[in-house]
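Topology and contacts: notes
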Amino acid sequence: MRRRNFILSVGSFTLLPATTWAQQLARTARIGRLSPLSEPSERPMLDGLRRGLAELGWVEGRNIAYELRVANGQIQKLPALAAELVAERVDVIVTGSNPGALAAKSATRDIPVVFVTTGDPVAAGIVQSLGRPGGNLTGITLLGGELNAKRVELLKDMSGGLKDIAVLVNPGSPYTSEFNENRDRVARAFGVELHLAEARDASDIPGAFDRIKAVRAGALLVLADIIFVTHRQQIIDTAAAIGVPAMYPDRSFVETGGLLFYGAALPDMYRHAAIYVDKILKGARPADLPVEQPTTFQLVVNLKTAKAMGLKIRESFLARADQVIE
């Protein structure tokens, strides 16, 4: 089994004068963590952030503390939770997803915000540009829309003569509109039909899988969405029950029985986001820190799930995997 390193470069920054930095060290820095997920789903992300900051010398209980707010998959709660963190006067807010970043942006123009998102922060109006974010927000973006074409390619490579791929989407999600902009181009490039199956919440998931069965999809692509991550076990179990090979947007899916993942691991992205937090606490301005993207991605195959589903995956495909779960 192999796993590539997660590599990012970070731009220059400006330090506070030594006396000001000494004053900063004299008190506990308070980090507000704003998550769209449930607390169990959030735990790996917060652990990644904590690990990254610990590696940079920030010790919980000594010079850093965390205030956690979770929306439990209900993005309409994010603005109120962001306002709570602003009222707590935290030093930095670390948030996930485009809705989380937008909620933090609306809540404060003064408190620095570091985001980790799979959406396009420029198109969403979160930052002015990746190189010059402006304002009080910066962070890391996966630009998941660009990854979906590669995920379609991998599904076709694994399944040979694949012609019909279902795509599980939340029609109310900004990630869906990003996908739809490139949907026809991706379908033509790989000679497949991409059939949308829509689910706005957990109650819609069974109906979405009825649609997947109706189009006789040979594979399933699950788009990144807060609802899908929150209810991932329901999706994994249903996909396995109807025997459709599925590519998932987050590593946590394959760790709990999903078949395929391609992308960057979110806990690693949060570990790297700690570098932004550290620099901001030492005086850097978010406006001066470029938004970064992962440069290395992982293909993870859950061979145990494949065997349980009766799927035969070619050795040549397995050889491309960075990790095979057996």
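Heads up: these notes are all about the structure in this document. (Residues numbered from 1 in each chain as written. Predicted model: local features only at pLDDT ≥ 70, side-chain atom pairs only at ≥ 80, totals over all residues. Heavy atoms only, no water.)

On to the overall build of the protein chain, then. On a plain count of helices and strands, the protein chain comes out with 13 helices and 12 strands. Taking 326 residues into account, the globule formula puts the C-alpha radius of gyration at 20 Å, and the protein chain, at 20 Å, falls close to it. Its C-alpha atoms give the protein chain principal-axis dimensions of roughly 65 × 40 × 35 Å. Considering only contacts within the protein chain whose residues lie at least 6 apart along the sequence, 73% involve residues at least 24 apart. A total accessible area of about 14100 Å² is found for the protein chain, and carbon and sulfur atoms account for 49% of it. (Helix = DSSP H or I, 4+ residues; strand = E, 2+ residues; numbered from the N terminus. Rg over C-alpha atoms; globule rule 2.2 N^0.38 Å. Contact = heavy atoms within 4.5 Å. Areas by Shrake-Rupley, 256 points an atom, 1.4 Å probe, with all protein chains shown as cover.)

Here we take up the pairing of strand 1 (residues 29-35). When you tally the buried positions in strand 1, you get six out of seven residues, the bulk of the element. Where strand 1 meets strand 2 (residues 64-70), seven bridges bridge the pair, whose relative direction is parallel. Residue pairing for strand 2: A29 is matched across the bridge by I64. In the classification by handedness, the crossover that spans strand 1, the intervening helix 2 (residues 39-55) and the parallel strand 2 is right-handed. Judged from the four bridges that link them, strand 1 and strand 3 (residues 92-96) form a sheet pairing that is parallel. Counterpart to I31 in the pairing with strand 3 is V92. (Buried < 20%, exposed > 50% of the residue type's maximum accessible area, 1.4 Å probe, protein only. Pairing = 2+ DSSP bridges. Right-handed = clockwise from strand over helix to strand, strands pointing away.)

Counting buried positions along strand 3 yields five of five residues, so the element is predominantly enclosed. Of the two faces of strand 3, the one carrying V92, V94 and G96 and the one carrying I93 and T95 are both buried. Inspection of the sheet shows strand 3 paired to strand 4 (residues 113-117) by four bridges, in the parallel sense. Residue pairing in the sheet places G96 in a bridge with V116 of strand 4.

Spatially, the seven strands line up as an open sheet ordered 7-6-8-9-10-11-12, and their pairing is mixed. Of all strands in the sheet, those bounded by a partner on one side alone are strand 7 (193-198) and strand 12 (323-325). On average, each strand axis in the sheet is inclined to that of its neighbour by 20 degrees, with strand direction left out of account. Relative to strand 8 (residues 219-222), strand 6 (residues 164-169) runs parallel, the two being bridged by four bridges. Following the sheet pairing, I165 is matched in strand 8 by A219. Packed on one face of the sheet, helix 6 (residues 174-190) meets strand 6, strand 7 and strand 8 and runs near 155 degrees to strand 7. Running at roughly 155 degrees to strand 7, helix 7 (residues 205-214) makes contact with strand 6, strand 7 and strand 8 of the sheet. (Axes fitted to C-alpha atoms, helices over the stretch in contact; angles between N-to-C directions.)

This next bit is on the sheet that holds strand 3. The strand order 2-1-3-4-5 describes an open sheet built from five strands, whose pairing is parallel. Two strands bound the open sheet, and with one partner strand each, they are strand 2 and strand 5 (137-141). For this sheet the average axis-to-axis angle between neighbouring strands, irrespective of direction, equals 20 degrees. Of the strands in this sheet, strand 1, strand 3, strand 4 and strand 5 touch helix 11 (residues 266-281), which is tilted by about 165 degrees from strand 4.

Quick look at the packing of helix 3 (residues 78-87) against helix 4 (residues 98-107) now. Between helix 3 and helix 4, whose axes approach to 8 Å, the crossing angle comes to 50 degrees. By the angle between their directions, the pair helix 3 and helix 4 is classed as oblique. Of the two possible hands of crossing, helix 3 and helix 4 adopt the one that is right-handed. Here L78, P79, A82, A83 and V86 of helix 3 come into contact with helix 4, specifically with P99, G100, A103, A104 and A107. Residue composition of the contact of helix 3 with helix 4, grouped by class: nine nonpolar, one polar and no charged. (Parallel < 35°, antiparallel > 145°, perpendicular 65-115°, else oblique. Left-handed = near helix turned anticlockwise from the far one by under 90°. Nonpolar A, V, L, I, M, F, W, Y, C, P; charged D, E, K, R; others polar.)

Here N72, not a glycine, exhibits a phi torsion of approximately 55 degrees, which is positive. One can find N72 in the loop between strand 2 and helix 3. Although it is not a glycine, S97 adopts a positive phi angle of roughly 80 degrees. Structurally, S97 is set in the loop between strand 3 and helix 4.

What follows covers the nonpolar core. Formed by 84 residues in total, the largest nonpolar core has its most connected members in I31, L49, I165, L194, L220, L221 and V277. Looking at this core element by element, the count peaks at nine residues for helix 11. Once you skip the residues sitting within four places of it in the chain, V277 turns out to touch I31, L49, L53, V92, V94 and V114. Listed in part, the 18 residues of the second largest apolar core include A71, L78, V127 and L137. (Core = buried A, V, L, I, M, F, W, Y, C linked by side-chain atoms within 4.5 Å.)

This paragraph deals with helix 2. Here helix 2 spans 24 Å end to end across 17 residues, near enough to the 24 Å set by a 1.5 Å rise per residue. Along helix 2, the sharpest kink reaches roughly 25 degrees, centred on M45. Along helix 2, the positions that sit buried rather than exposed are S41, E42, M45, L46, G48, L49, G52 and L53. Residues of helix 2 that are buried make contact with strand 1, strand 2, strand 3, helix 8 (226-230), helix 9 (232-242) and helix 11. Within two residues after helix 2, G57 carries a phi angle of roughly 100 degrees, on the positive side. (Expected span 1.5 Å × (residues − 1). Bend = angle between axes of the 7 residues up to and from the residue.)

Geometry only, nothing functional implied.
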